[in-house]
Structure formats: C-alpha cells, structure tokens
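Letter by letter, the chains look like this.
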Amino acid sequence: MVVVALFLAAIVLGGYNKNFLERVKGSTVWDWMTTVDHKKIGIMYFMSGIVFFLIGGLEAILIRLQLMVPANDLFVGDIYNQILTMHGTTMIFLAAMPLLFGLMNVIVPLQIGARDVAFPFLNSLGFWFFTAGGIILNLSWFFGGAPDAGWTSYVSLALNEYSPGPGVDYYVLGLQISGIGSLISGINFLATIINMRTPGMTLLRMPLFTWTTFVASALLLFAMPALTVGLLLLMFDRLFGANFFDYTMGGSSVLWEHLFWIFGHPEVYIVILPAFGILSEIISTFSKKRLFGYTSMVFATVLIGFLGFMVWVHHMFTVGLGPVSNSIFAVATMAIGVPTGIKVFNWLFTMWGGEIRFTTAMLWAVGFIPTFVVGGMTGVMLAVPPADFQYHDSYFVVAHFHYVLVGGTVFGIFAAAFYWWPKMFGKMLHEGLGKFQFWTFFIGFHLTFFPQHFLGLFGMPRRVFTYQANVGLESINMLSTIGVIGMTLGTLAFGINIYRSLFIDKTKAPADPWNGRTLEWAISSPPPEYNFAQLPLVRGYDALWVEKEAGKKELTPAEPLGSIHMPSSSYLPLVMAIGVFISGMGFIARGDYSMGIFGLIILGIAMFMRSFEVDHGYHIEPEEIEKDKGVDA
Amino acid sequence: MKRRNIWRGLFVFALFALVLTGCSGHESLNVLDPSGSAGEKQLDLIKLSFLIMLGVFAVVITIYIYVLIRFRKRKGVDVMPKQTHGNTKLEIIWTVIPIILLGILAVPTVTTTFDLTKIAQDEEVVNVKVTGYQYWWEFEYPELGIKTAQELHIPVGKKINFEIHGKDVLHSFWIPALGGKVDVIPGRVTNVILDANKPGDYQGKCAELCGAGHALMDFKVKAHSAEDFDKWVTQMQAPPAELTTDSEKRGEEVFQQNCLGCHAGINQSVPGPDLSKFGTRDTIAGMLKNNPENLKKWLHDPQAIKAGANMPKIDYLEEKDLDALVDYLESRK
Amino acid sequence: MTEEQQNSSPQQEESHKPDSTMKHIVSFAAMIVLTVAAFYIVMEDVVEPNMILPLLLFFASIQVVLQLFTFMHLNQKGTAYYTIFIFTGVIIAVVSAVGIILM
Amino acid sequence: MASDAHTNTNHASNHLETATLEGKNKVLGFWLFLAAEVVLFACLFGTYLALKSQTMSGPTSMELFDLNLVIVATALLLTSSLTSVFAMSAMNQRKLKLMQFWLGVTVFLGLAFLILEIYEFVHYIHLGHTFMSSAFGSAFYALVGTHGAHVTFGIIWISSLMIQAQKRGINTDTAPKLFVSSLYWHFIDVVWVFIFSLVYLLGKVG
Ligand code: HEA
Ligand code: HEA
Ligand SMILES: [Cu+2]
C-alpha cells in the first residue's frame with residue numbers, strides 16, 4: 001500500500017521518472033515488499049501479528065472497561081457487539097495465526113536444514129493476502145461499522161435483514177481473503193517439510209516444532225475449505241439474494257453452525273499445536289535434556305490433529321441435535337484429553353532429572369503448563385453435554401478458551417519470541433524486562449480469567465454488554481477488569497523490550513545463545529539469506545546436540561561448497577493482494593460491483609504474468625559465501 | 001516459584017470448595033445451587049467432572065512443583081543430565097489412567113444425556129410453547145388457553161415440557177437456577193424439560209447473541225405452589241377487568257389507535273407481546289419494575305431502556321393521553 | 001532429498017509405455033460401464049429404491065479409484081504422500097458431509 | 001538442491017514433471033491443494049443434500065432434471081479425462097504436436113460440456129428454478145456452478161499452457177505445469193461423477 005501511495009504521490013508531483021523508479025527499487029521498503037525470503041516474510045508476519053495483538057488487546061481493554069461495573073453505559077448495544085466481534089476475530093485470525101506463521105516461516109526451514117521453502121513466491125502471496133484481509137477487516141471501523149454478530153457470525157443475525165450495515169460484509173470478505181492466504185501458507189509449509197529436508201533429516205528426526213507445524217498445516221489444509229464454503233454461502237446470501245440460511249425460504253441456520261465449527265474446532269488446534277511444539281523445544285533446551293518420549297509426542301500430535309475433525313458438534317450441544325449425536329461427540333471430545341495428557345506428562349518428565357535454567361523463555365513455558373492444564377480441564381468439563389447445557393454461552397466458556405488461547409497460545413508465542421528473537425533479528429531481548437513482563441502478565445491473566453469461571457456458574461451469559469447489580473456478579477467482574485492492568489503492563493514492557501532490542505541495543509546476538517540442540521542454532525544470528533552455506537548432514541534427533549556430544553564444533557556438510565540457487569524477488573504477490581483488496585472493498589461497497597470486478601481483473605492479469613514469466617532466480621557463488629563466513633567468524 | 005505455586009493450588013482448591021458448597025452467587029440464577037431436578041442432575045455431573053479434573057490437576061501440579069524445585073540449576077554447579085529417551089512403562093501409565101478416568105466420566109455423561117430428554121409415562125406435564133423474539137419472550141400454555149410474555153409461571157413439582165420456537169434470529173432459552181439451556185432456532189422446534197422444586201422467583205436469560213438488546217433479553221420465572229398456580233391460571237383465563245375510570249376508558253382508545261397494530265395479542269403475525277393482562281406482571285419488558293412511572297419512561301423511549309428494542313417511541317402523545325394509556329395498561333388484570 | 005519415496009528412480013515408466021495406453025483405455029471403458037450402470041438402475045427401476053443410493057455411491061467410488069490410480073498415477077512409486085493426504089481429505093470430507101446432512 | 005536443480009533436464013527420466021525439485025514441489029503442492037478441494041466440495045455436497053428438498057413453491061428435482069442431457073455431459077467430460085491422459089503420455093514422450101492435439105481435444109470437450117451446462121441452467125431459470133427461488137435453488141447452483149467454474153478455469157488454464165508449450169516447448173519448466181493442469185482436469189471429472197450420481201440421479205429417485 002505504502003509503495004502504491006508513493007507511486008501515486010510521485011505521479012501527481014510530476015516526479016515520475018526512471019530515476020525515481022530506480023530509487024524505489026533500491027529502497028529497503030521495496031526490498032521487503034517484494035521479498036520471497038522466508039525469514040523476511042516470517043518477520044513481517046510476526047510484526048503484523050504484534051500490531052493486531054495490540055489492536056485486539058485494546059478492544060479487550062474496552063470490553064473489560066464496559067463490564068467493570070453493572071449498568072455501565074460506555075459501550076452499549078451494537079457498539080459493544082462490534083468491539084467483541086472484532087476482538088475475537090482479530091485475536092484469532094490476525095494475531096495468533098500470523099504470529100505463529102511468522103515463527104514457522106523463520107524457524108522451520110532452518111530446523112530441517114533447508115535453504116528455502118518449497119514455494120517462496122506463494123509464501124509471499126500468502127502473506128500479502130493475509131495482510132489485505134486484515135486491513136479490510138479493520139477498515140470496517142471507519143467505513144460503515146464493524147461486524148457485530150460475534151466471531152462465529154451466526155446466522156440469521158448475520159443476514160441482511162438483521163445486520164443491515166456493511167459490517168458482516170467486512171467479516172465475510174476480509175476473512176475469505178486472509179483465509180486463502182492461510183491455506184496457501186499451509187500448503188507451502190507442508191510441501192517444504194515433505195520435500196526440502198536436508199540429507200539425514202528423516203521424519204522421526206524432525207524437531208517437534210517442525211512436526212507440530214506440519215500437523216497444524218495439515219489441519220489448515222482440511223479445515224480452511226469449510227470456512228471458505230461457509231463464507232461463500234454467506235456472501236451469496238448477503239450480496240446476491242441466495243437463501244442458504246434464510247429459513248423462510250427453506251434455508252437453515254444450523255447449516256452455518258456446522259460449516260463454521262467444522263472449520264472452527266480444528267482452528268483452535270491450529271493455534272495450539274505450534275505452541276505445543278514451541279514448548280517442547282524450549283523445555284528440552286533449558287532442561288538440557290533430550291525431549292522425553294519423542295515418538296509418543298509425535299504420535300500424540302498427529303492424533304490430536306486427526307481427532308480435531310471429529311468433535312465439532314461439541315460447540316452445538318444446545319442446538320438440540322438429540323442425545324445420540326451429543327453423546328457420540330461428547331466421547332470423541334473427551335478422547336482428545338488423552339493425547340494432550342501424554343504431552344503434558346512428557347514435558348514434566350523432560351524437566352525431571354534435568355538442569356532447569358529459568359530464562360524468560362523458560363518462564364513462559366513453565367507458566368504455560370499449569371495454565372493450559374486448567375484450560376484443558378475445563379474443556380473436558382465442557383465436553384459433558386448435560387453440564388454444557390449450563391456452561392454454554394456463559395462466561396465459563398469465556399474462561400475456558402482464554403485459558404487455552406492466552407495461557408496456551410499466547411504464552412507459547414511469548415516463550416518463542418524470547419527464545420528465537422536472536423535468530424530472527426540478530427539481537428537479544430532484555431531478560432529483566434522479560435521477567436517483569438512475565439510476572440505482570442501471568443498474574444494479571446489469572447486475576448482476569450480465573451474469576452470468570454464463577455461469573456459463568458453464577459449465571460452470566462457471554463456477549464452481554466451489561467449485567468444486573470445485586471446478583472453476585474459485581475465484585476467478580478471488577479476483579480476481572482483489574483487483572484487487565486497486569487496484562488497491559490506486561491504488554492507495554494514487551495513493546496519497550498522490542499524497541500530496545502531493535503533500536504537501542506547495539507550488541508549482536510551470538511549464533512547459539514541458549515546452548516541449543518537443533519539445526520537453527522548452528523548458523524549465525526540472523527542467518528545469511530541462503531541459510532546454510534553447505535547443507536548439513538543430519539545424524540540423529542537433536543541434530544546439533546548430536547554433533548556437540550561428538551565433540552564437534554560444526555555440522556558435517558552433506559555437499560561440497562558450490563554455487564547456491566536463489567529465487568528472485570517479485571512484486572507480483574503484492575499486486576495480486578492489491579487486486580483482491582480492491583475487489584473485496586468493491587464487493588463490500590455493493591452498488592454495481594464494477595470495482596469488485598476490476599480488482600479481480602488485476603488479480604487475473606497478475607496471474608497471467610506470473611504464469612508466463614520465466615524466472616530462473618539467481619546464484620550466489622562460493623567466493624561470496626566464503627566472504628560472508630569470514631566476516632562472521 | 002515454589003511459594004506461588006503452592007498458594008495458587010490452595011487458592012484454586014479453596015475457591016472451588018467454597019463455591020461447591022453454594023456460598024456465593026445469587027439463588028435466583030446460580031448454577032451451583034439449583035432449584036430443579038434437571039439442574040441437580042447437571043450439577044452432579046459438574047461436580048463429578050470437576051472432582052476428576054481436580055485429581056488430575058493435583059497429580060500434575062505435584063510433579064510440576066517437585067520438578068521445578070528439585071531440578072533447577074544451582075549456581076556454580078554444572079552437570080550434564082542423562083539424555084533419556086523415554087520410559088515405556090510410564091508412558092503407558094499416563095495413557096491408560098486418563099482413558100479409565102474418562103471412561104468413568106463418560107458413562108454417567110451418556111446416561112444423563114438421554115435421561116434429560118425423557119418424561120415418565122404417568123407423569124403429569126405442563127406444556128409451554130416458548131417463542132423467542134428480538135428481544136422478548138412469549139409463553140403460551142396451549143392446554144390452558146393462556147398467552148403471556150416476559151413472565152413465565154410454573155407449578156412446583158411438575159415437569160414442564162417447553163417447546164421452543166423462533167421467528168427471527170437465534171436465541172437461547174436459559175434458566176440457570178432450574179437447568180441448562182436450549183437454543184431457539186427459527187425454522188426448527190427444540191425441546192427442553194425442566195421443573196422447579198421450590199416456589200420462588202428465578203431469572204431467565206437469553207444466552208445466544210441476538211443483536212443489540214441481547215444483554216437485556218431477560219425474563220422472569222415464577223414458580224408457584226400448585227394452588228397458587230391454579231389461582232394464577234384462573235386469573236389469566238378470566239376476561240379482562242372492566243374499565244372503571246374515565247381515564248382508563250380514554251386509555252383504551254389511545255391504545256387502540258396507537259398500539260393495537262403490534263399488541264393485538266390474538267394475531268400471530270404481529271411482533272408485540274400480548275398486553276391483555278399487563279397489570280399482573282411484575283416487570284415491564286422483563287427488566288423494569290412494573291409501576292406507572294417506569295411504564296411512562298418505557299413508553300417514552302424504549303430504546304433508552306432496552307437497546308435495540310423494536311417498539312417505536314411513544315413520545316408524541318399529550319401528557320393526559322399518556323397518563324390514560326398508563327392507567328389503562330395497569331388496569332389490565 | 002532424504003525421503004526414499006521421493007527418489008522415484010528414473011526407470012519406472014510403465015505408465016508411458018504403449019501398453020499403458022491400453023491400460024488407460026481399459027479403465028476408461030470400465031468408467032463408461034459404471035456410469036451406464038448408474039444411469040440404468042435409476043432410469044429403469046430395476047433395484048429396490050433403498051438400494052439405489054448405496055449402489056450409486058459404490059459405482060462412484062470405484063470410478064474415483066480408477067481415476068486416481070490410473071489417470072492420476074497414484075499407482076506409481078513416490079506417491080505415498082499424495083495418497084495419504086488425499087485419503088485423509090476423503091475421510092474428513094465424508095465425516096463432515098454426513099454430519100451436515102444428518103444433523 | 002544445488003544449482004543444477006532447475007536446469008537439470010535428466011533425459012534418462014521420462015517423468016519430466018518431477019525431474020527437478022521445483023517440479024516435485026509443484027506436483028506435491030498441487031496434490032495438497034486437491035486434498036483441500038475434496039473437503040471444499042464435500043461441504044458443498046453436504047449443503048446441497050441437506051437443502052435439496054427445500055424447494056418452497058418452485059419445481060422439485062424430480063420435475064426438473066433431464067437425464068438425457070446429463071448423459072451427454074457425462075460422456076463429454078469422461079472422454080476429456082481420457083484425452084488428457086493421452087496428452088500427458090505424449091508429453092512424457094516429448095511429442096509436442098501430439099500433446100497439443102490431445103490438449104486441444106480436451107479443451108474442446110470441456111467447452112462443449114460448459115455450453116451444455118449453460119444451456120441447462122438457462123432452461124431451469126425459465127422453469128422458475130433460480131439461485132434465489134429457494135434454498136434448493138441456491139444449493140444447486142452453488143454446487144453445480146462451482147464445478148462449472150472449475151471447468152471454466154481449467155479451460156482457460158490449459159489453453160494458456162498450450163500457448164506456453166508452443167512457445168517454449170516441453171521442458172522441465174513447462175512439464176510440471178502441464179502435468180498439474182491434467183491432475184486438475186481429472187479431479188474435475190471425479191467431482192462430476194459425484195454430481196451426476198448424487199445430484200441428478202438421486203434427484204430423480206427423490
Ligand atoms: C487453543 C484453543 C483451544 C484448545 C486447545 C481447546 C481445547 C479443548 N476444548 Fe475448547 N474452545 C476454544 C478453544 C480451545 N479449546 C474456544 C475458542 C472455544 C469457544 C468458541 C466460541 O464459542 O466462541 C472453545 C469451546 C469449547 C467447547 C464448547 C463450549 C460451549 O460453547 O458450550 C468445548 C466443549 O466440549 C470445548 C472442549 C475442549 C476440550 C475437551 C479441549 C481439549 O483439547 C483439552 C485437552 C487438555 C487437557 C484435558 C489437559 C491436559 C491433560 C492431562 C493433564 C491428562 C489427564 C486428563 C484427563 C484424564 C482428562 N471447548
Ligand atoms: C487468541 C485469542 C484471544 C486473546 C489473546 C484474547 C485476549 C483477551 N481477551 Fe478475549 N476473546 C477471544 C480471543 C482472545 N482473547 C475470543 C475468540 C472471544 C469471543 C468473541 C466472541 O464472543 O465472538 C473473546 C472474548 C472475550 C471476552 C468476552 C466478551 C463477551 O462475551 O462479552 C472478554 C471479556 O472479558 C475478553 C477479554 C480478553 C482480555 C482481557 C484479553 C487479554 O489477554 C488481552 C491482553 C492484551 C492487552 C491488554 C493489550 C495491551 C494493549 C496495549 C498495551 C496498548 C494498545 C495500544 C495501541 C493499539 C496503540 N475476551
Ligand atoms: Cu472445539
């Protein structure tokens with residue numbers, strides 16, 4: 001967007017000439033916007049994730065402010081519904097997922113000893129689609145109002161008749177576009193992990209973060225289409241007069257619930273599995289021990305992923321599908337507790353007999369375990385249909401999912417941020433600030449969400465902008481709001497920490513600050529653009545540790561030093577994303593859809609250009625690599 | 001590390017223990033202190049699942065605390081831990097025990113799931129047809145020929161078979177103190193069977209986001225003894241009270257000119273609640289105490305009281321007519 | 001690359017030798033037969049009505065297998081991943097579709 | 001994986017599409033995409049079958065569907081699947097002209113199918129069965145229309161690849177593209193098998 005704006009500005013000012021183009025092409029911004037380097041794309045994912053986390057967090061603050069006291073009138077009715085919808089949608093789709101995608105992008109190729117991902121071009125395309133979708137969603141605040149039917153966007157509330165504004169259109173098109181981006185990323189990760197592993201990196205030697213990325217990507221692959229279909233049908237209903245969900249014309253609102261949750265439940269595992277992977281890496285590293293029960297960890301990951309598709313109806317126990325359906329899905333849901341338990345105990349026994357260093361990353365990991373277990377436990381309690389009749393759509397559910405989403409995913413992401421920051425940016429984060437962040441956020445978190453279990457049990461439904469006084473809800477709500485102060489302080493500390501590390505701190509991070517065990521720690525921080533000068537030969541699980549134990553300083557190369565082929569960068573992904581962005585906004589604006597079609601034409605042209613383009617990339621010659629090495633040493 | 005974790009463990013335990021004995025939370029909407037058999041069965045499952053989870057949590061947290069204390073790195077000591085791969089025996093244990101525990105939970109879960117949908121052959125039931133609208137509730141007793149809104153009256157000790165209908169968007173019918181909820185789904189009929197075992201006032205809630213006024217879509221449940229319920233039925237079945245004062249008579253005219261379009265009470269397709277027994281109600285719109293002052297406030301600006309309410313503002317009447325209308329409505333008993 | 005299956009050795013070309021053309025034609029013929037059978041049972045009313053759906057699904061499934069394993073070459077070496085993913089997709093697809101239809 | 005990866009034209013191999021790492025990635029990635037498409041169509045099928053009796057006052061599937069038309073359409077698409085296989089055989093034997101011929105036939109059959117489908121839709125619309133007339137109408141056009149959109153995209157895609165092949169010949173760059181487009185075409189055929197079975201034939205028995 002920035003570049004386009006720059007172009008336009010230049011044209012208007014009459015300054016459009018070759019010289020200017022050259023300057024733009026040489027600029028850092030252009031470099032990043034056209035990059036196909038997985039590390040840069042990863043960083044962009046991560047950074048936009050942080051931005052959206054702040055926005056979602058701000059919305060959370062507003063929610064808690066409104067609910068601080070009974071009969072508050074800060075945000076009433078529709079406005080409140082908009083905030084809460086955008087909070088959920090932003091946090092899940094625009095914060096948690098890109099933060100994880102960022103980490104996956106940077107780390108997974110390094111962990112499997114690859115020079116690149118399988119589809120560098122598509123990788124970039126995925127990122128720009130996600131960005132386009134995210135921007136569309138958040139533009140809703142300024143043009144016509146945000147979606148207000150909840151992040152689940154249940155019909156018929158989300159149909160034209162009951163949500164006449166454009167809000168839900170933003171939801172539909174924004175998510176559709178960013179969803180396509182996610183699907184593309186998922187395919188890229190899968191193909192990368194299957195095809196790009198270095199010699200010796202067999203499946204059962206892959207680090208757990210790579211494994212969980214693999215399974216999470218498979219979940220994306222199979223879950224995203226259900227959302228795509230759901231959103232497509234909702235778009236047809238809203239924009240083109242179809243009748244999928246309008247019961248007066250034979251449609252069914254339960255259909256939407258199915259489609260949404262067939263996607264939605266796997267989605268929650270998409271955001272927790274990578275966190276499990278992160279935890280496995282960190283706990284093993286900072287306990288100085290091999291991961292306990294590696295094979296069963298892998299097995300459990302795959303099993304969780306698979307079972308994740310068989311349980312969606314647990315979100316629909318109160319729909320009245322009958323005791324048979326409810327029972328089947330209840331038992332299937334409970335079953336997921338078993339592989340998850342395997343993971344928890346394996347973590348505990350990885351620490352057992354180890355030498356535990358409480359770095360900030362490890363603190364987050366250690367904080368994760370009991371928090372997530374509490375969330376998982378309430379999950380199992382929710383899986384009991386008769387009891388769920390009471391919990392459903394109450395604050396008990398809100399407490400459950402924040403324990404797993406914040407206590408699980410977000411804690412995991414913070415852990416990973418501290419752990420892999422040096423690898424991503426070549427700088428360290430400050431440990432003291434990090435510990436401050438951990439304690440404030442951790443305590444604030446429990447203060448906010450633990451009491452919410454009781455709000456639910458005392459009869460407070462979720463998604464309400466107010467509640468009655470004198471029915472035992474005030475003090476708990478107040479407590480819950482106070483806790484947010486802690487989380488805000490923690491988040492601010494994180495912001496300062498980032499700023500400090502990127503702009504103030506001048507010391508460079510070492511290649512292997514934590515005495516790491518996996519391949520990413522064998523190369524410099526940050527890694528050169530080709531990652532590995534020579535592809536390493538992997539000789540066991542914990543590939544780097546194996547070499548360290550053998551007393552070696554470097555990895556054994558699997559190939560002679562030679563010229564390295566690199567993909568060339570491309571502006572086409574950005575153009576395609578701009579195309580869908582324009583198209584999305586065009587459809588939201590309704591009218592005659594000419595802008596919508598115009599955007600699609602841009603997309604089509606860019607696709608043709610890509611198809612006919614002959615792109616051989618470029619090569620980095622051994623001399624240059626030697627030079628790099630020299631500088632590093 | 002150590003101290004905090006122990007304290008947290010204790011805190012969790014203490015709070016839950018406190019709550020399970022029913023010390024806090026208001027009785028009119030407390031899930032943990034139910035006044036109906038469905039709610040009791042559900043609470044039993046809540047307790048069972050909670051106890052199992054508490055046991056598992058205790059095991060996890062014990063190992064956790066032990067490990068964190070015992071194996072933390074000590075200053076100046078640098079050991080190389082043994083790089084164990086795993087332990088098949090242990091791994092089998094923590095696979096099998098959870099399976100058993102979940103089995104113990106699954107059996108009563110499934111039986112209760114089926115139980116809740118059953119009514120014994122010889123049991124006397126009261127049928128109530130519930131319809132959820134944005135943002136109010138209509139209750140109809142087909143056998144008794146009664147139709148009312150916002151306030152649900154039920155006899156203690158009898159099973160109430162709710163047949164739930166929807167007309168606009170999804171809602172969810174929830175009376176926390178009596179038992180779990182069921183969704184209101186336009187185009188489908190859902191069912192829930194509840195009962196109250198002691199007389200009293202309970203709160204009903206809408207539990208599915210249904211628009212701007214969702215938070216305020218409350219209703220009242222009044223459980224009566226059998227005699228009181230019969231009294232209420234008789235009163236509801238009786239023809240509306242005579243108009244006594246002039247003001248009431250004038251009010252009727254105002255009503256017919258301004259309100260009848262929606263509040264006809266007889267015609268199914270109109271969107272407003274039946275007001276023919278408005279004077280018997282405790283609340284206006286399910287939330288305000290029913291008195292003339294509040295009624296005026298409501299008529300004047302319904303949206304100020306219930307966000308998103310579909311009723312138009314009645315702010316164009318002369319003061320006298322408004323008073324008459326209020327008198328008329330309050331006399332509808 | 002490391003994965004055994006990915007190293008499809010250069011010499012397994014059965015599918016492109018002339019007799020593989022034969023194989024393609026045979027499986028094409030089989031598809032035609034199955035299609036005709038499907039239309040036949042519906043148009044000619046020869047089986048019990050409640051057998052029609054299972055039979056239709058059966059015929060269709062065989063056609064899918066033929067397409068996948070002959071036309072789309074899943075019978076060759078080095079296709080393990082494709083097969084795993086497609087069939088996982090099929091399982092999930094069936095569970096989801098049946099769920100939507102029945103509930 | 002080194003420099004030779006993308007220039008390597010290993011002539012010993014007849015599997016031109018997977019001769020390079022790029023090619024292997026492309027084919028794998030495309031299979032993954034197809035796996036996703038399986039779920040996508042399953043959701044559309046589920047939707048259709050759940051809503052198919054909701055015809056409101058419009059015509060029912062029994063009254064609408066004309067099986068003779070469907071037979072012709074099926075024959076066209078099935079045959080095009082075979083010709084697409086022939087094209088790939090030709091490709092792997094480096095016979096450009098033959099390949100172009102079979103691709104041409106495939107595209108032609110696809111076009112014929114598409115025209116038939118458009119004719120069918122127009123006919124239905126005249127009978128009062130439209131996208132907006134009922135949930136059944138919406139679901140029918142969403143499912144069959146999505147398939148039709150796939151056919152359209154396939155035609156455009158294969159045609160543009162024919163141009164590329166004509167310009168650049170058959171090599172390790174064009175072969176994977178041609179190969180995955182043929183996978184796509186077969187997949188479209190697979191979906192059609194379910195459409196004629198579960199939409200048209202099942203629609204006739206009610
Ligand atoms: C990261 C996200 C995440 C994760 C990991 C989970 C994990 C689980 N969830 Fe959760 N869930 C959500 C996110 C998540 N959930 C969200 C967002 C919603 C609400 C959506 C909305 O409506 O807006 C939701 C809602 C939700 C519901 C619906 C509630 C309702 O609306 O009425 C249910 C019901 O069954 C449920 C169950 C579970 C279960 C059983 C698990 C299990 O996977 C948990 C497994 C873990 C453990 C059990 C702990 C560790 C295990 C051991 C220590 C071993 C021993 C254990 C036993 C013997 C049991 N979840
Ligand atoms: C990963 C997902 C995720 C995360 C991280 C969070 C984080 C938080 N959530 Fe979230 N929440 C959801 C997912 C998530 N939530 C979902 C899916 C829903 C359901 C929505 C629905 O019903 O449709 C929901 C609903 C929800 C509700 C229920 C609303 C309702 O039903 O009425 C509440 C209420 O307390 C809440 C609170 C919070 C709080 C306090 C945080 C905190 O952890 C946030 C901490 C972060 C901060 C405090 C940020 C600090 C900000 C700054 C420091 C400055 C910002 C400055 C600028 C932008 C310049 N959330
Ligand atoms: Cu779930």
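Note that residues are indexed from 1 along each chain, following the sequence as it is written. Just so you know, chain letters begin at A and ligand numbers begin at 1, following the order they were written in. In view of the model being predicted, local features appear only for residues whose pLDDT reaches at least 70, and side-chain atom pairs are presented and counted only at 80 or more, with totals across whole chains, interfaces and linings using the full set of residues. Side-chain figures throughout are based on the complete set of non-hydrogen atoms in the structure, without hydrogens or water.

*Asks:* Give me the interface of chain D and chain A: which residues, what numbers.
*Replies:* Across the contact, 39 residues belong to chain D and 42 residues belong to chain A. Summed over both partners, the accessible surface that disappears when two parts come together, traced with a 1.4 Å probe, is what is meant by buried area. Both faces combined, the contact of chain D with chain A buries some 3300 Å², and carbon together with sulfur accounts for 73% of it. One side-chain nitrogen of Lys or Arg within 4 Å of one carboxyl oxygen of Asp or Glu is enough to make a salt bridge. Our enumeration of links across chain D and chain A arrives at 0 salt bridges. Pairing of N or O atoms within 3.5 Å defines a polar contact, subject to two protein rules: one partner must be a possible hydrogen donor and the other a possible acceptor, and residues neighboring in sequence count only if both atoms are side-chain atoms. Inspection of the region where chain D meets chain A yields 7 residue pairs in polar contact (both at pLDDT 80 or more). Counting from the N terminus, the helices are the DSSP runs of H or I reaching at least four residues and the strands are the DSSP runs of E reaching at least two. Of all the secondary structure elements, the ones that give two or more residues to the side of chain D that touches chain A are α1 (21-51) and α5 (135-168) of chain D. With 17 residues, α1(D) is the largest single contributor of residues to the side of chain D that touches chain A. Gly falls in the polar group here, along with every residue not listed as nonpolar (Ala, Val, Leu, Ile, Met, Phe, Trp, Tyr, Cys, Pro) or charged (Asp, Glu, Lys, Arg). In terms of residue class, the side of chain D that touches chain A is built from 22 nonpolar, 11 polar and 6 charged. In what follows, residue pairs with any heavy atoms lying within 4.5 Å of each other are defined as contacts.

*Asks:* Please set out the site of ligand 1 residue by residue, giving values where relevant.
*Replies:* Nearness is judged by heavy atoms alone; a residue qualifies as near a molecule or strand once a single heavy atom is within 4 Å of it. Near ligand 1 there are 32 residues, and of these A:Y269, A:D388, A:H392, A:H400 and A:R462 occur at the shortest range. One nitrogen or oxygen atom from the side chain of A:H392 is found 2.7 Å from an oxygen atom belonging to ligand 1. In this structure, a nitrogen atom belonging to ligand 1 sits 3.0 Å away from a side-chain N or O atom of A:H400. Secondary structure elements with two or more residues in the shell around ligand 1: α9 (253-286), α12 (337-351), α13 (360-382) and α15 (395-425) of chain A together with α2 (37-70) and α3 (88-115) of chain B. Of the residues belonging to the shell around ligand 1, the class tally is 20 nonpolar, 10 polar and 2 charged.

*Asks:* How would you summarise the site of ligand 2 if you had to cite specific residues and measurements?
*Replies:* Residue and element names in this part refer to chain A. Near ligand 2, the surroundings consist of 32 residues, among which Y80, H87, W151, H402 and R463 are the closest. Between H87 and ligand 2, the recorded distance is 2.8 Å, taken from a side-chain N or O atom to a nitrogen atom. A distance of 3.2 Å separates an oxygen atom of ligand 2 from a polar side-chain atom of Q452. Where the shell around ligand 2 is concerned, the elements lending two or more residues are α4 (38-67), α5 (78-111), α15, α16 (431-457) and α17 (474-504). Class assignment of the residues belonging to the shell around ligand 2 gives a composition of 21 nonpolar, 8 polar and 3 charged.

*Asks:* So what's going on with the domain arrangement of chain C? Which residues, and what values?
*Replies:* Accessible area lost upon the coming together of the parts serves often as the stated size of an interface. As assigned here, chain C comprises domain 1 (19-72) and domain 2 (76-103). Taking the mean C-alpha position of each, domain 1 of chain C and domain 2 of chain C sit 20 Å from one another. Segment limits for the domains were obtained from an automatic or database-derived domain assignment.

*Asks:* So what about the coordination of the iron atom of ligand 1? Which residues, and what values?
*Replies:* Residue and element names in this part refer to chain A. Coordination shells were defined by N, O and S atoms within 2.8 Å of each metal, extended to 3.2 Å for Na, K and Ca; water is absent from the atom set, which can make sites look incomplete. From the protein, the iron atom of ligand 1 takes a single donor atom, H400 (NE2), 2.2 Å away. Distance-wise, the copper ion (ligand 3) is placed 4.4 Å from the iron atom of ligand 1. Mapped onto the fold, H400 is located in helix α15.

*Asks:* I'd like to hear about the coordination of the iron atom of ligand 2, residue by residue, with values.
*Replies:* Residue and element names in this part refer to chain A. The protein atoms donating to the iron atom of ligand 2 are H87 (NE2) and H402 (NE2), with metal-donor distances spanning 2.0 Å. Taken together, the 6 donor atoms coordinating the iron atom of ligand 2 and their angles of 88 to 180 degrees define a geometry best described as octahedral. One end of the pair, H87, is in helix α5; the other, H402, is in helix α15, and 315 residues separate them in sequence. Here H87 and H402 have matching classes, each one buried. Here the metal geometry follows the donor angles, with tetrahedral for four donors whose angles all fall between 85 and 135 degrees, square planar for four and octahedral for six when opposite donors are more than 155 degrees apart and every other angle is between 65 and 115, and irregular for all the rest. Partly exposed describes any residue whose relative accessible area lies between the buried limit of under 20% and the exposed limit of over 50%, with all areas from a 1.4 Å probe on protein chains only and scaled to the type maximum.

*Asks:* I'd like a description of the UniProt feature "domain: Cytochrome oxidase subunit I profile" (unreviewed entry) in chain A, backed by residues and values.
*Replies:* UniProt positions are given in the numbering used here, feature names are shortened, and annotations may be inferred rather than shown by experiment. Per the UniProt annotation, the sites labelled "domain: Cytochrome oxidase subunit I profile" (unreviewed entry) are residues 24-539 of chain A. As annotated, residues 24-539 of chain A comprises 68% helix and 0% strand, and the C-alpha atoms at either end are separated by 45 Å.

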